[in-house]
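Fold and contact review
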Amino acid sequence: MTELLDSIRAWPWFWAWLTFFVIVLLRAGATYGIGRAIAAGLLREREPGPRVRAAMRQVDRWGPPAVTVSFFTVGAQTAVNLGAGLARMSFPRYLTGLVPGAVIWATIWSTIGMSAFLAVFTGGSERLAWLFVLMVVVVVAVLLKRSASQADPAREPGPD
């Protein structure tokens, strides 16, 4: 696989970039599609409860930035794209996260590659890269929780 990536990087930059861009669009889009197909099959058998529907709305609302950021990580893209499909994020909203993420991914891979990117970005420390990913996850979780508590009328305090 490394030989294939190296041979693509040896092409003229634009063609290498375009190839990587198309690869990631197809790969990530297919992963999203698999998630959507699984969700469709599951939802045929059972209607989701109110909490699951609320979570699905939050993923649809806040998911595009998570999809984009996942392309800065190693290994998280598949989980995030599959999760977007499983949560039934609308395709237009998914595309708003996928396209910039694909641009980022293609640019990194057509220039210096992910190993060099992580070395430059983290100063060679893989722990710092994981810390960055953790911080992004925490920020997204806090935003989702805040948004859910503001939009959930069932959480209003009642009489004692």
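Residues numbered from 1 in each chain as written. Predicted model: local features only at pLDDT ≥ 70, side-chain atom pairs only at ≥ 80, totals over all residues. Heavy atoms only, no water.

**Brief notes about the side chain of asparagine 81**
Quick reminder of the rule: Only DSSP runs of H or I covering at least 4 residues are called helices, and only runs of E covering at least 2 are called strands; the numbering of each starts at the N terminus. We call two residues in contact whenever any of their non-hydrogen atoms come within 4.5 Å of each other.
Mapped onto the elements, asparagine 81 comes out in helix α4 (residues 76-86). When neighbours within four sequence positions are excluded, asparagine 81 is seen to be in contact with Ala28, Thr31, Tyr32, Val67, Phe71 and Tyr94.

**Examining the UniProt feature "transmembrane region" (unreviewed entry) in the protein**
Here is the rule: UniProt positions are given in the numbering used here, feature names are shortened, and annotations may be inferred rather than shown by experiment.
When the UniProt feature table is mapped onto this chain numbering, "transmembrane region" (unreviewed entry) sits at residues 12-34, 98-121 and 127-144. Summarising residues 12-34: 96% helix, 0% strand, and an end-to-end C-alpha distance of 33 Å.

**Details of the nonpolar core**
Keep this limit in mind: In plain words, nonpolar cores are sets of buried Ala, Val, Leu, Ile, Met, Phe, Trp, Tyr and Cys residues tied together by side-chain atoms within 4.5 Å. Under the scheme applied here, a residue whose accessible area is under 20% of the maximum for its type counts as buried, over 50% as exposed, and between as partly exposed, the area being computed with a 1.4 Å probe on protein chains only.
Grouped together as the largest cluster of nonpolar side chains are 18 residues, with contacts concentrated most on Phe20, Val67, Phe71, Ala84, Met89, Tyr94 and Trp105. Those elements giving two or more residues to this core turn out to be α2 (13-45) and α5 (91-111). At seven residues, the largest contribution of residues to this core is made by α2. Sequence-distant contacts of valine 67, defined by excluding residues within four places in its chain, comprise Val80, Asn81, Ala84, Met89, Tyr94, Gly97 and Leu98.

**So, helix α3 (residues 50-70)**
Note the threshold: A helix is expected to span 1.5 Å for every residue after the first. Here the bend at a residue is taken as the angle between two axes, fitted respectively to the seven residues that end there and the seven that start there.
Taking 1.5 Å per residue as the helical rise, α3 with its 21 residues ought to reach 30 Å, and the 28 Å between its terminal C-alpha atoms agrees with that figure. Taken as a whole, α3 carries its principal kink of about 55° at tryptophan 62; the proline proline 64 stands between one and four residues after it.

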